[in-house]
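# Fold and geometry: a report
For reference, the chains in residue letters:
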Amino acid sequence: MNKLIAAGLLAAGLCTQAFAASEADVETAFEPYKKGFPTFPGLSAGMTINKDNVDQFKDALDAGMYMVVKNGWYQIKVGETLSFPNPKGYVEATRKNLNKTKLGAKTGEIEGFAGGRPFPEEPSTSDPRAGEKVAWNFKYGANWGDNAAIHPFYWKYRNMTTGQLERTLKFNFFFLNFKHRTDHAPTPEVSPNAANLYRAIYAQVLEPQDLKNTQLLIQKYEDDTKFDDAYLYLGFQRRVRRLAAGQVTDSFLGSDLMIEDFEGYESRVSDMQWKFVGTKNLLMPYYKHNDMKLSDEFKEEDGYKYVSFTGQGECFPDITWQLRKVHVVEAVPVNSNHPVGKRIMHFDAQVYGASRTLVYDRKGELWKSWTIGKAHPDFHLPINKGTGVALDDSFSMVDVQAKHCTTGQFKGKVDPKLSPANLFQVQNMRGGN
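Residues numbered from 1 in each chain as written. Predicted model: local features only at pLDDT ≥ 70, side-chain atom pairs only at ≥ 80, totals over all residues. Heavy atoms only, no water.

### A short note on the overall build of the chain
Counting secondary structure elements, the chain contains six helices and 22 strands. Compactness check: the chain gives a C-alpha radius of gyration of 21 Å against a globular reference of 22 Å for 433 residues, within 12% of the reference. C-alpha extents for the chain along the principal axes are approximately 70 × 55 × 45 Å. With 433 residues in all, the chain has 59% of them scored as buried. Relative to all contacts within the chain whose residues are 6 or more apart in sequence, the contacts with residues 24 or more apart total 64%. Entry remark: accessible area of the chain is about 18,300 Å², with carbon and sulfur atoms responsible for 50%. Both charge centroids of the chain, one from 53 positive and one from 51 negative side chains, sit 2 Å from each other. (Helix = DSSP H or I, 4+ residues; strand = E, 2+ residues; numbered from the N terminus. Rg over C-alpha atoms; globule rule 2.2 N^0.38 Å. Buried < 20%, exposed > 50% of the residue type's maximum accessible area, 1.4 Å probe, protein only. Contact = heavy atoms within 4.5 Å. Areas by Shrake-Rupley, 256 points an atom, 1.4 Å probe, with all protein chains shown as cover. Lys, Arg positive; Asp, Glu negative; His and termini not counted. Charge placed at Lys NZ, Arg CZ, Asp CG, Glu CD.)

Listed below in structure tokens is the structure:
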């Protein structure tokens, strides 16, 4: 028996060593294009991919985007691939904490994490838990940095067949990391933090009048096995109600999004079984905001303009797409009653944005095509320059079965002053802002 235990421990140790990260892995993780940008036969910046030539570039597109272009709903304008930065403190924390993080016995359990990217090594299909590691890299990624705001944020609901604009919502969204902060004071965490929260999101509806002052608060715990707390304040009811865990998969305010869809994926690592599919070079919605075709619809005092939309029903962002290194992961809900059958998620290898997700229903049929456009921070608002935060800048959630879409236009600011800790408390919602 002792020999069997020893053999098991040795095998576990060898497995850990086999997937341990090196300094070279860290450099590759954050500078994947140092030796050159990816290429694809016949693909070049400035060209357009449409239904007539899309078959030539099928292997440079995810399955959902191929279908969208093949159906003639959208044309992809190809842009030049850019290296997108990560926050300097985040990269340094990754180096400092290299190989300290270990997976626990069960999905959703992790040990030793202290900041930065937990698993900077290249994911491998020979590692049975590689998909889970990719999921942790996403959870502890630098999306919106330590704190930021979308101020304001426009959502539009559209009939994809007719193009009819059904509704426009205006929000403010705020983000705050309570723990594992690397670039903005206080570091490494906000205190007091008696609940041991990792992160929080707060949103408030500004328009239209019937939804004005509707508020959402999501509190995410450091312990991933603990359910997030979510609270909704409805202005006309004048009370805060706590959302049950299952309500994060309901339609949010009549849109095509669930709360679980926020930021690409808003639920816990422990809510899914993660399978690493492989690494590919795919066209992804990454661009320089200031170089895009921008809308004159909304007037901002500082002259900021939002990304325009185009294509079938105006359901798709009018942006350029670039060929990028992408980790593909399949996520299957642990709960058999979950409305989603699986998610095929495409994580950008450099910044770990979940910029393309295909959502399948329980019958295994494609249900929704989810796009989050990322803007380079140095070609955006002046306050974002030099932050190293790749900015969520446009979104498109297309229900391909209902032929309906919800789109988003962001004014993102990496500004700690906009996201004070007291904003992320239930008492703040009752204040009626």
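### Some details on helix α2 (residues 23-30)
Residues three or four positions apart in an α-helix share a direction because the helix packs 3.6 residues into each turn. Inspection of α2 places D25, V26, A29 and F30 among the buried residues, and these make up the whole buried set. Buried residues along α2 cover an arc of 120° about the axis, so they all sit on one side. Tucked into the core, α2 has its buried residues touching α4 (88-96). (Arc of directions from axis to C-beta.)

### A word on the environment of L358
Tracing the chain through its elements places L358 in strand β19 (residues 354-361). Sequence separation between L358 and H346 is 12 residues, and the spatial gap between their C-alpha atoms is 8.6 Å. Beyond its immediate stretch of four places on either side in the chain, L358 contacts D62, A63, G64, K342, R343, I344, H346, L366, K368 and S369.

### Considering the pairing of strand β20 (residues 366-375)
In terms of residue burial, β20 counts as a mostly covered element, since 10 of its 10 residues are buried. Relative to β20, strand β12 (residues 286-287) runs parallel, the two sharing two bridges. Within β20, the residue paired with Y287 across the bridge is A375. By the bridge criterion, five bridges tie β19 to β20 in an arrangement that is antiparallel. The partner of V359 across the bridge, within β20, is K368. (Pairing = 2+ DSSP bridges.)

### Some details on the packing of aromatic side chains
Across all of its chains, the model carries 36 aromatic pairs by this definition. With 4.9 Å between their ring centres and 80° between their planes, Y140 and Y198 make a pair best called edge-to-face. In this pair, Y140 sits in the loop between α5 (130-139) and β5 (147-159) while Y198 sits in strand β7 (residues 197-207), placing the two residues 58 residues apart along the sequence. Summarising the burial analysis for this pair, Y140 and Y198 share the class buried. Site record: aromatic cluster; members linked through ring pairs are W144, F153, W155, F171, F173, F175, F252, F262, W370, F395 and F410. For the cation-ring pair, K226 lies above Y221, with the distance from its terminal atom to the ring centre recorded as 4.1 Å. (Phe/Tyr/Trp six-rings, centres within 6.5 Å; stacked < 30°, edge-to-face > 60°. Lys NZ or Arg CZ within 6 Å of the ring centre and 35° of its normal.)

### A closer look at the state of the cysteines
Considering all chains together, one arrives at one disulfide under this definition. Residue C315 pairs covalently with C405 via a disulfide, S to S 2.1 Å. Because the torsion about its S-S bond is -80°, the bridge between C315 and C405 counts as left-handed. With C315 in the loop between β15 (309-310) and β16 (316-317) and C405 in strand β22 (residues 404-413), the pair connects residues that are 90 residues apart, well separated along the chain. Assessed through its relative accessible area of 0%, C315 is described here as buried. (Disulfide = S-S within 2.5 Å.)

### Digging into the confidence of the model for the chain
The share of residues in the chain with pLDDT of 70 or more is 95%, and the mean pLDDT across the chain is 94. Taken as a whole, residues 1-17 scores under 50 in pLDDT and shows one contact with residues more than four places along the chain or in a different chain. (pLDDT = per-residue confidence, 0-100.)

### Digging into the pairing of strand β8 (residues 215-221)
β8 sits mainly inside the fold: seven of its seven residues count as buried. Going residue by residue along β8, you find Q215, L217, Q219 and Y221 tucked away on one face and L216, I218 and K220 tucked away on the opposite face as well. Across seven bridges, β7 lies against β8 in antiparallel orientation. In the sheet register, I201 faces β8, and the bridge partner there is I218. Relative to strand β9 (residues 229-234), β8 is paired through five bridges, and the arrangement is antiparallel. When the bridges of β9 are listed, L216 appears paired with L232.

### A short note on the environment of I110
Relative to the assigned elements, I110 resides in strand β4 (residues 110-111). In this structure, the C-alpha to C-alpha distance between I110 and W136, residues 26 residues apart in sequence, is 8.9 Å. Those residues within four positions of I110 in sequence are excluded, and the remaining contacts are T101, K102, G104, F119, W136 and Y140.

### Some words on the packing of α2 against α4
Viewed as axis vectors pointing N to C, α2 and α4 meet at an angle of 155°, and their least axial separation amounts to 10 Å. The pairing of α2 with α4 is recorded here as roughly antiparallel in orientation. The crossing of α2 and α4 is right-handed. When α2 is examined against α4, the residues E23, V26 and F30 are found in contact with a partner set consisting of Y90, V91, T94 and R95. Of the residues belonging to the contact of α2 with α4, the class tally is four nonpolar, one polar and two charged. (Axes fitted to C-alpha atoms, helices over the stretch in contact; angles between N-to-C directions. Parallel < 35°, antiparallel > 145°, perpendicular 65-115°, else oblique. Left-handed = near helix turned anticlockwise from the far one by under 90°. Nonpolar A, V, L, I, M, F, W, Y, C, P; charged D, E, K, R; others polar.)

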